[in-house]
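Examination of the molecular architecture
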Amino acid sequence: MTHINLTSYLKRSHQLATIGLKMATVAAGMILCSKPSHAQSGSDQSFNANHVKINVMALGVKNFSLQYERGLGPKTSVALGVRLQPKGALPFQSTFKRLMESSDDAAGENNAGADFANNAKMGNWAITPEFRYYLGKKPHSGFYFAPFIRIASYSLDWVYQYHESTGSSIDVDLKGKMTTFGGGLLLGTKWNLGKNITLDWWIIGPSISSAKVSLESNTDLSSLSQADRDELNQSLQDIKFPGGSITSEVRADGVTAKGNFVIPGLRTGICIGYTF
């Protein structure tokens, strides 16, 4: 059932993300041909062009997310978001564990996917440019849709405790990074709470990204038998990622692991902003 739901979500996310990326391309052309306008004659359409916001919802997961939005017209704007998350345990570990753990019941103690979800440390940064179109009567308020692009980089530290056939264990210290590129479509609404204060609710923003991951270890594995090295290699390749797989090489002097995946995402948040 989990596999069916994930597959369905991937398809829906891919469709929305494709629409979002196409809209972002069109929006880029519009931006190049437009100039910011602070008023339209004959109507009450004056507005503050600058909006600085912080995503207070993200602070709960030790995620620092800021956004600057620049008005182009009463109903259009561009924005640039910056996200920074210090290195720590994976967020939503139970979800990661369901997605990544091996489905092989014979994996026993050496379930690399579950071990990664439980013990890996990750830090990341991301930048998110977007274009917004508002449907509200007042400038830059009400319901809006925003196609966006996201570029992100993740640093990874993982000490994988591999259990040998002899009953002893060895810590395989892996370090590496993952880079992603993708996009999607954000649906949200924004209220003006006063002359200079705004509340911006990112209701839902499904996305899809291509990801590339690489991990290296210089751990001395010369004490392992060839059978144990082969099992270690297989346990790494059994890690389940949506839309991709791991290729790895286990040697006496360490480990190399690489993979390419398609990762679904969901962007949401509640932002408090100052406009001027």
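Per chain, residue numbering runs from 1 following the sequence as it is written. Given that the model is predicted, a residue must reach a pLDDT of at least 70 before its local features are reported, and side-chain atom pairs must reach 80 or more before they are shown or counted; all residues, however, enter totals for whole chains, interfaces and linings. Remark: hydrogens and water are excluded; side-chain values derive from all non-hydrogen atoms of the structure.

Quick look at the packing of aromatic side chains
Selection criterion: Two rings belonging to Phe, Tyr or Trp (six-membered ring only in the last case) form a pair when the distance between their centres is within 6.5 Å. Interplanar angles under 30 degrees mark stacking, angles over 60 mark edge-to-face geometry, and anything in between is tilted. Helix and strand definitions here come from DSSP, where helices need a minimum of 4 consecutive H or I residues and strands a minimum of 2 consecutive E residues; each element is numbered from the N-terminal end. Burial here depends on accessible area, computed with a 1.4 Å probe over protein chains only, as a share of the maximum for the residue type. Under 20% is buried, over 50% is exposed, and the range in between is partly exposed. By definition, being over a ring means that NZ of Lys or CZ of Arg is both within 6 Å of the ring centre and within 35 degrees of the ring normal.
Per the stated rule, a full pass over the model turns up six aromatic pairs. On the numbers, 5.8 Å between centres and 35° between planes, the contact of tyrosine 133 with phenylalanine 145 is tilted. Of the two residues, tyrosine 133 is situated in strand β4 (residues 121-134) and phenylalanine 145 in strand β5 (residues 142-163); the sequence distance between them amounts to 12 residues. Assessed through its relative accessible area of 30%, tyrosine 133 is described here as partly exposed. Aromatic ring contacts, followed pair by pair, group Phe116, Trp158, Tyr160 and Tyr162 into a single cluster. Over the face of the ring belonging to tyrosine 144 we find arginine 132, whose NZ or CZ atom lies 4.1 Å from the ring centre.

Points about helix α3 (residues 112-119)
Judged by how many residues are buried, α3 sits mostly within the fold: six of eight residues are covered. Within the span of α3, buried status applies to Ala112, Gly113, Ala114, Asp115, Phe116 and Ala117.

Quick notes on helix α4 (residues 226-237)
To be explicit about the condition: Each helix should span, by expectation, one fewer than its residue count multiplied by 1.5 Å. What the arc measures is the spread of directions leading from the helix axis to the C-beta atoms. Throughout, a contact is declared for two residues whenever any of their heavy atoms are within 4.5 Å.
Over its 12 residues, α4 extends 17 Å from the first C-alpha to the last, a length consistent with the 16 Å expected when each residue adds 1.5 Å. For α4, every residue scored as buried is listed here: Asp228, Arg229, Leu232, Asn233, Ser235 and Leu236. Each buried residue of α4 sits inside an arc of 160° when the element is viewed along its axis, so together they form one side. Structurally, α4 contributes buried residues whose contacts are with α3, β5, β6 (169-192), β8 (245-251) and β9 (254-275).

Overview of the nonpolar core
Counted only if it meets this: Residues belong to one nonpolar core when they are buried, are Ala, Val, Leu, Ile, Met, Phe, Trp, Tyr or Cys, and are joined through side-chain atoms within 4.5 Å.
By size, the foremost hydrophobic cluster in this structure holds 30 residues, and its most contacted members are Trp158, Tyr160, Val172, Leu221, Leu232 and Val255. Those elements that place two or more of their residues in this core are α3, β4, β5, β6, β7 (197-217), α4, β8 and β9. Top contributing element to this core by residue count: β5, with six residues. Ignoring sequence-local partners within four residues, the contact set of valine 255 consists of Val172, Leu174, Leu215, Glu216, Ser217, Leu221, Leu232, Leu236, Glu249 and Val250.

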